[in-house]
Amino acid sequence: MLNPFSQKRQVQISDKYSSELAVIDVIAASTVDLGPLSLDTFRKKNMSASWKVIGLETSVDNNATSEPNQTAADARKETPGGKGDKYLADDHSQSTNTSAKQNRRQLRDKRREKRAAYLVHQDDEAVVKLENAAIERSKSVDSAVLGKYSIWRKENENENSDNTVRLMRDQMIMARVYLSIANMKNKLDLQQELRVRLKESQRALGDAMADADLHHSASEKIKAMGQVLSKAREQLYDCKLVTGKLRAMLQTADEQVRSLKKQSTFLSQLAAKTIPNGIHCLSMRLTIEYYLLSPEKRKFPRSENLENPNLHHYALFSDNVLAASVVVNSTIMNAKDASKHVFHLVTDKLNFGAMNMWFLLNPPGKATIHVQNVDEFTWLNSSYCPVLRQLESAAMKEYYFKADHPTTLSSGASNLKYRNPKYLSMLNHLRFYLPQVYPKLDKILFLDDDIVVQKDLTGLWSVDLHGKVNGAVETCGESFHRFDKYLNFSNPHIARNFDPNACGWAYGMNVFDLKEWKKKDITGIYHKWQNMNEDRALWKLGTLPPGLITFYGLTHPLEKSWHVLGLGYNPSVDKSEIENAAVVHYNGNMKPWLELAMTKYRPLWTKHIKYDHPYLRRCNLSE
């Protein structure tokens, strides 16, 4: 029999434990409605053991309010000493410890619930933010009814002046894709609508390259196209089909680019061979004026200087009056003493009168000018000159003049440069006959007609060539512009006699020692190799390959600042090299007198031309 004190103590413990069980019942009942505690783990019912609520075995769909008692009972069964209420009173310390653990467990569960709810809320906010951002970005094309077309977004735009042009082109590409799919799926109405919008966009775009070139209706056409594209996307979009169409269009575009490159090469070669109408007009007008002069007025002063070896002699072979005038004018402008410079010009019969008349009208100060006609060099004939003899052969005539050669814009472009008439002109090959043309001179400076002189060239006559015949600037780098670029080293004659890695050099500004030339019979060496190349097996046509062969081992390298090349084909010639160069050379197709000349280099040439000259104005020659 228990004493009153013990009985009272037992009642207090029972009441306390009953209240704790009530708390447990409430917590257990509430945990049933918690729902998912994370987006992934809880929805997939793959929670780790630390996230599980003890005694919660039923589905979340069960009615929590109908099971509080059962849950409490289950909780009681889970206790370490859970064999009924009769044991509670017998072991006060054990029941107290068990209830404390239960409380801590429930508190941990509540904290986990709170954390999971916070994560879910945060995830929802992130999704909403992403959706709102996507909606804002897709507003670049307003299709008021049919939604947004997503490939033209504000984020892809920049401040370039061709944004709208590119947008219209992109729209037209997608319109062609959907037009093809609509035709495939027999969507006739949509097909017609796409075709109409495509034509409208094409008319609005025209030849525009920048937004400023667009018609004012372009913005409306963009909106209209955006709407029909959205409609097409809803009805026709199929990832596999669209991808296939775009790949096919890309392949077609690549083929068109290759074809256009061939056409561009062909046309640039063709343009390089032509003389602009203005220069042709100038030559004709000057020729007429020249032959109207009396013979005594056709003579230049200071003819006694022509064979004086103590003066500085230049050889210039050209059929372009304007180009020759720039070479002479730029040389004289930069000369310290113009009276010491003598210019020997050789041209053809067609331009002989014009060349004379120009320099009679525009004498180069105190310098001496002499003009000759190459057709009057009677010694330059087919019995002496291999090139002339080869040009008379049937094989060469067929190569150059037969109609069965490719003449379309897209074919034959690669070999067109070797059929350039300049390779047939003896003006081009005359450089190999300098001692025959100027037998009384010891040294001469050869200049091409596509150069501009920027500094005094007097110092070139004092350069020691160390017994060599040719003084030239080398053009080779680490692996380019070496002999193997110009010569056929599969031919045994070439392979036996030359080093494929030997450095190439440039024609255009060359100092020639004519005394050494005669000693070493340079012209004879040229004739030997030219005869061997009758079938063009050693090199293609031109003068640089035979020049490399003829002067092999006989060329002295000059300082590179004397001669800078590339202004006729290379848009990235170093600006400082151009500024420091004594001579700049427009070698390549983009000659400064042609419309295809590079704009950035052309002023170096045009500044030596007086465009207010009466003859230039009459022929509409302007800067």
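What you see is a predicted model, and the numbers here were worked out from it, not measured in a lab.

Here is what the cut-offs are and how they apply
- Residues numbered from 1 in each chain as written.
- Predicted model: local features only at pLDDT ≥ 70, side-chain atom pairs only at ≥ 80, totals over all residues.
- Heavy atoms only, no water.
- Helix = DSSP H or I, 4+ residues; strand = E, 2+ residues; numbered from the N terminus.
- Buried < 20%, exposed > 50% of the residue type's maximum accessible area, 1.4 Å probe, protein only.
- Contact = heavy atoms within 4.5 Å.
- Areas by Shrake-Rupley, 256 points an atom, 1.4 Å probe, with all protein chains shown as cover.
- Pairing = 2+ DSSP bridges.
- Phe/Tyr/Trp six-rings, centres within 6.5 Å; stacked < 30°, edge-to-face > 60°.
- Lys NZ or Arg CZ within 6 Å of the ring centre and 35° of its normal.
- Patch = residues over 30% accessible without salt bridge, like charges linked within 9 Å, V, L, I, M, F, W, Y side chains within 5 Å.
- Salt bridge = Lys/Arg side-chain N within 4 Å of Asp/Glu carboxyl O.
- Lys, Arg positive; Asp, Glu negative; His and termini not counted.
- Charge placed at Lys NZ, Arg CZ, Asp CG, Glu CD.
- pLDDT = per-residue confidence, 0-100.
- Disulfide = S-S within 2.5 Å.
- Polar contact = N/O pair within 3.5 Å; in protein donor to acceptor, adjacent residues only side chain to side chain.
- Core = buried A, V, L, I, M, F, W, Y, C linked by side-chain atoms within 4.5 Å.
- Axes fitted to C-alpha atoms, helices over the stretch in contact; angles between N-to-C directions.
- Expected span 1.5 Å × (residues − 1).
- Right-handed = clockwise from strand over helix to strand, strands pointing away.

K.L.:
What's the story with the overall build of the protein in this structure? I'm lost.
P.N.:
Check the secondary structure of the protein and you find 23 helices and 10 strands. A total of 623 residues make up the protein; the buried ones form 42% of that total. In the protein, the share of contacts with a sequence separation of at least 24, taken over all contacts with a separation of at least 6, comes to 75%. When the accessible surface of the protein is split by element, carbon and sulfur atoms take 51% of a total near 34,500 Å².

K.L.:
Would you mind going over the sheet that holds strand β5 (residues 451–453) with me for this structure?
P.N.:
Note on sheets: strands pair through backbone hydrogen bonds, and any given pair is parallel or antiparallel. Strand order in this open sheet of 3 strands is β5-β10-β9, and the pairing throughout is mixed. This sheet does not close on itself; its edge strands, each paired only once, are β5 and β9 (563–564). Pairing of β5 with strand β10 (residues 583–585), which is carried by 3 bridges, proceeds in the antiparallel orientation. Residue pairing for β10: Ile 451 is matched across the bridge by His 585.

K.L.:
Is there a simple way to explain unusual backbone geometry in this structure?
P.N.:
Negative phi values dominate among residues other than glycine, just as trans dominates among peptide bonds. Its identity is not glycine, yet Asp 521 carries a phi of approximately 50 degrees, on the positive side. Looking at the secondary structure, you find Asp 521 in the loop between α18 (514–520) and α19 (522–532). For Asp 521, a relative accessible area of 45% translates into the label partly exposed.

K.L.:
When you look at the packing of aromatic side chains in this model, what are you seeing that I'm missing?
P.N.:
Note on aromatic pairs: each is described by the distance of the centres and the angle between the planes. What the rule picks out here adds up to 23 aromatic pairs. Between the aromatic rings of Phe 432 and Tyr 507, the centroid separation amounts to 6.4 Å while the plane-to-plane angle is 90 degrees, which identifies the pairing as edge-to-face. Here Phe 432 is found in the loop between α14 (426–429) and α15 (434–437), whereas its partner Tyr 507 is found in the loop between α17 (492–497) and β7 (509–513), with 75 residues between them in sequence. Overall, Phe 432 belongs to the buried group, its relative accessible area being 0%. Here Arg 233 stacks its cationic end above the ring of Tyr 237, 5.0 Å away from the centre of that ring. The ring of Tyr 507 carries Arg 431 above its face, with NZ or CZ at 4.6 Å from the centroid.

K.L.:
Sorry if this is basic, but what is going on with a positive patch on the surface here?
P.N.:
A cluster of basic side chains, namely Lys 101, Arg 104, Arg 108 and Arg 111, defines a positive patch on the protein surface. With respect to the helices, strands and loops of the structure, Lys 101 is situated in helix α3 (residues 92–137).

K.L.:
Any chance you could explain the confidence of the model for the protein here in plain terms?
P.N.:
When pLDDT is low, close inspection of the predicted coordinates is not appropriate. Per-residue confidence for the protein gives a mean pLDDT of 79, with 74% of residues at or over 70. Considering only residues more than four positions removed or in separate chains, one finds that residues 140–158, a stretch of pLDDT under 50, has 42 contacts.

K.L.:
Just checking my understanding: could you explain the state of the cysteines for this structure?
P.N.:
For the structure on display, the rule yields 2 disulfides. Paired by a disulfide, Cys 476 and Cys 503 hold their sulfur atoms 1.7 Å apart. Looking down the S-S bond of the Cys 476 and Cys 503 bridge, the torsion is -100 degrees, so its handedness is left-handed. Here Cys 503 lies in the loop between α17 and β7 and Cys 476 lies in the loop between β6 (470–472) and α16 (483–486), a separation of 27 residues in the sequence.

K.L.:
Hey, could you run me through the environment of Tyr 586 in this one?
P.N.:
Along the chain, Tyr 586 falls in the loop between β10 and α22 (603–606). Dropping the residues within four chain positions of it, Tyr 586 is found in contact with Asp 450, Val 452, Leu 567, Gly 568, Lys 591, Pro 592, Tyr 601, Arg 602, Leu 604 and Trp 605. Of the polar contacts made by the side chain of Tyr 586, one reaches the backbone oxygen of Tyr 601; its length is 2.6 Å.

K.L.:
I'm lost on the nonpolar core in this one. Help?
P.N.:
In globular proteins that are soluble, nonpolar side chains generally tend to be buried together. Core analysis: the biggest nonpolar cluster contains 62 residues, and Leu 282, Leu 345, Leu 445, Leu 457, Leu 460 and Trp 605 have the highest contact counts within it. A per-element tally of this core places helix α9 (residues 321–334) first, with 8 residues. Those residues in contact with Leu 282, other than ones at most four positions away along the chain, are Leu 322, Trp 358, Tyr 615, Leu 616, Cys 619 and Leu 621. The next biggest cluster of nonpolar side chains, apart from the first, holds 42 residues, and it includes Val 374, Met 426, Phe 432 and Phe 551.

K.L.:
I tried to follow the side chain of Asp 456 on my own but got confused; where do I start?
P.N.:
Following the sequence through the fold, Asp 456 ends up in the loop between β5 and β6. In this structure Asp 456 is buried but unpaired, with Lys 336 as the nearest side chain of opposite charge at 4.5 Å. Discounting residues that sit within four places of it in the chain, Asp 456 has contacts with Asn 334, Ala 335, Lys 336, His 341 and Trp 562.

K.L.:
I tried to follow the pattern of salt bridges on my own but got confused; where do I start?
P.N.:
Close approach of charged atoms allows side chains with opposite charge to pair. In this structure the tally under the stated criterion is 9 salt bridges. Where Asp 442 meets Lys 515, a salt bridge forms, and the shortest distance between an N and an O atom there is 3.9 Å. Of the two residues, Asp 442 is situated in the loop between α15 and β4 (443–447) and Lys 515 in helix α18; the sequence distance between them amounts to 73 residues. Look at Lys 515 and you get partly exposed, because its relative accessible area is 48%. The partner of Lys 520 in a salt bridge is Glu 516, and the shortest N-O contact between them spans 2.7 Å. With Lys 520 and Glu 516 both in helix α18 and 4 residues apart, this pair spans about one turn of that helix. Since its relative accessible area comes to 15%, Glu 516 is described here as buried. It is possible to trace a salt-bridge network through shared partners that takes in Glu 516, Lys 519 and Lys 520.

K.L.:
Which parts of the structure should I look at to understand the side chain of His 608?
P.N.:
With respect to the element layout, His 608 can be found in the loop between α22 and α23 (614–618). Beyond its immediate chain neighbours, meaning those up to four positions away, His 608 contacts Val 326, Asn 329, Ser 330, Met 333, Val 452 and Val 453.

K.L.:
When you look at the sheet that holds strand β1 (residues 312–317) in this model, what are you seeing that I'm missing?
P.N.:
A sheet is described by the order of its strands in space; here 7 strands give the open sequence β3-β2-β1-β4-β7-β6-β8, paired in mixed fashion. Of all the strands in the sheet, the pair left with one neighbour each is β3 (368–373) and β8 (555–557). With strand direction ignored, the average angle separating the axes of adjacent strands in the sheet is 25 degrees. Contacts between α9 and the sheet are confined to β1, β2 (341–347), β3 and β4, with β2 contributing the most and set at about 175 degrees to the helix. Along the sheet, helix α10 (residues 349–361) makes contact with β2 and β3, crossing β3 at roughly 165 degrees.

K.L.:
Just to check I follow, could you spell out helix α5 (residues 188–205) for this structure?
P.N.:
Each α-helix winds once per 3.6 residues, and so residues spaced three or four apart point in a common direction. Over its 18 residues, α5 runs 26 Å from end to end, which matches the ideal 26 Å to within 8%, given 1.5 Å per residue. For α5, the complete set of buried residues consists of Leu 190, Gln 191, Leu 194, Leu 198, Glu 200, Ser 201, Ala 204 and Leu 205. Against α4 (163–184) and α6 (218–236) lie the buried residues of α5. Phi turns positive one or two residues past the end of α5, at Gly 206, with a value near 55 degrees.

K.L.:
Could you clarify how one ought to interpret the pairing of β2 in this entry?
P.N.:
The side chains of a regular strand alternate between both faces of the sheet. Among the 7 residues of β2, 7 are classified as buried, and the element is accordingly described as predominantly covered. A two-sided burial pattern is seen for β2, the buried positions comprising His 341, Phe 343, Leu 345 and Thr 347 on one face and Val 342, His 344 and Val 346 on the other. Relative to β2, β1 is paired through 6 bridges, and the arrangement is parallel. Paired with Tyr 314 across the bridge in β2 is Phe 343. In terms of handedness, the path from β1 via α9 over to β2 forms a crossover that is right-handed. Relative to β3, β2 runs parallel, the two being bridged by 6 bridges. Directly across from Thr 347, in β3, lies its bridge partner Asn 373. Once the chain exits β2 it traverses α10 before rejoining the sheet at β3, and the crossover so formed is right-handed.

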